[in-house]
Amino acid sequence: MRTAVISVNTGRTRQIAIGSRTVATAYAKTPTAGPVAVRPLGLEGDEQADLSVHGGLSKAVYAYPVEHYAVWRTLRAQAGAAAWDATLPHGAFGENLTLSGLLEADAWIGDRLCFEGGVELAISEPRYPCHKFDAAMGFRQAAKMMVQSGQCGFYLQVAVPGAIAAGEHYVLRAGAREVGIAELFRARTRRGATT
């Protein structure tokens, strides 16, 4: 399978209305042009709204498989949140990296993604959806559907900083392979762990 960076996405925190509340979110990330600096706490120009559950050294970068986009386009259309032919822009899941070639079932804690430009990112944990994901997708139950499908993506810790750009390829270097992303996500969501 081809392993590549489809898009590098960054975003700033903004306020949105969810029901009667106003909350901070950085879900709406947008693709960047050219290389972006990757530092221990994340990508240059990127923010996280709630640092108690996002960001930090072990969750510096969030990656989401491009292979899941088609399913979410269909789910959004079925829910009436978007037209059947509507596109879903890269970064829509709040991800910093839209990747091809690596699904949750093949990602393990400690595996490293080694990019052509020298950046190395270590898989650290799954992403758990919160109520803001429903707003980002435009329909209620989106977070529940993410939990049921296991299409959560994964956080990455910066092992070797540098710069990364769309179009770069990466090699997956296996770690200890003791705990998988899909397995950990299922175990924690059965116990009700979401952000």
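Our subject is the structure that appears above.
Note that the structure is predicted; figures quoted are calculated from it, not measured.

Rules behind the numbers
Residues numbered from 1 in each chain as written. Predicted model: local features only at pLDDT ≥ 70, side-chain atom pairs only at ≥ 80, totals over all residues. Heavy atoms only, no water. Helix = DSSP H or I, 4+ residues; strand = E, 2+ residues; numbered from the N terminus. Rg over C-alpha atoms; globule rule 2.2 N^0.38 Å. Contact = heavy atoms within 4.5 Å. Areas by Shrake-Rupley, 256 points an atom, 1.4 Å probe, with all protein chains shown as cover. Lys, Arg positive; Asp, Glu negative; His and termini not counted. Charge placed at Lys NZ, Arg CZ, Asp CG, Glu CD. Pairing = 2+ DSSP bridges. Buried < 20%, exposed > 50% of the residue type's maximum accessible area, 1.4 Å probe, protein only.

### Points about the overall build of the protein chain
Logical step 1: Looking only at helices and strands, the protein chain features four helices and 13 strands.
Logical step 2: The C-alpha radius of gyration of the protein chain comes to 16 Å, within 12% of the 16 Å expected for a compact globule of 195 residues.
Logical step 3: Projected onto the principal axes, the alpha-carbon positions of the protein chain cover approximately 45 × 35 × 35 Å.
Logical step 4: Pairs at least 24 residues apart make up 76% of the contacts formed inside the protein chain by residues separated by at least 6 positions.
Logical step 5: When the accessible area of the protein chain is evaluated, it comes to approximately 9,100 Å², of which 53% is carbon and sulfur surface.
Logical step 6: Here the protein chain carries 20 positive and 17 negative side-chain charges, and the mean point of each set is 7 Å from the other.

### Side note on the sheet that holds strand β1 (residues 4-10)
Logical step 1: The eight strands lie next to each other as β4-β1-β8-β7-β11-β10-β9-β13, forming an open sheet whose pairing is mixed. The sheet is open, and its two borders are formed by β4 (30-31) and β13 (170-173), each paired with just one other strand.
Logical step 2: In this sheet, strand β11 (residues 154-160) lies alongside strand β7 (residues 61-65) in antiparallel orientation, the contact comprising three bridges. For Ala63, the partnering residue across the bridge sits in β11 and is Phe154.

### Details of the pairing of strand β3 (residues 21-25)
Logical step 1: Of the pairings in the sheet, the one linking strand β2 (residues 14-18) to β3 comprises five bridges and is antiparallel in character. By the bridge assignment for β3, Ala17 is matched with Thr22.
Logical step 2: Between β2 and β3, which pair antiparallel one after the other, the connecting turn spans two residues, and Gly19 there sits at a positive phi close to 65 degrees.

### Structural notes on the environment of Ala135
Logical step 1: Its location among the elements puts Ala135 in helix α2 (residues 131-137).
Logical step 2: On the basis of relative accessible area, Ala135 is assigned to the partly exposed category, the value being 36%.
Logical step 3: Measuring from C-alpha to C-alpha, the distance between Ala135 and Ile18 comes to 6.9 Å, with 117 residues separating the pair along the chain.

### Some details on the sheet that holds strand β12 (residues 162-164)
Logical step 1: Pairing within the open sheet is antiparallel, and its three strands lie in the order β6-β5-β12. The open sheet has two free edges, formed respectively by β6 (42-43) and β12, since each of these has just one partner strand.
Logical step 2: Of the strand pairs in this sheet, strand β5 (residues 36-39) and β6 are connected by two bridges, and their pairing is antiparallel. Pairing of Val38 across the sheet is with Leu43, part of β6.

### Points about the side chain of Asp111
Logical step 1: By the secondary structure assignment, Asp111 is in the loop between β8 (97-100) and β9 (112-115).
Logical step 2: Other than its neighbours up to four places away in sequence, Asp111 contacts Asp106, Leu121, Ala122, Ile123, Leu172, Arg173, Ala174, Gly175 and Arg177.

### Thoughts on unusual backbone geometry
Logical step 1: A positive phi angle, near 85 degrees, is found at Gln141, a position not held by glycine.
Logical step 2: By relative accessible area, which is 43% here, Gln141 ends up partly exposed.
Logical step 3: Of note in this structure, Arg177 is not a glycine but carries a positive phi near 60 degrees.
Logical step 4: Here Arg177 shows up in the loop between β13 and α4 (181-190).
Logical step 5: The class for Arg177 is partly exposed, based on a relative accessible area of 33%.

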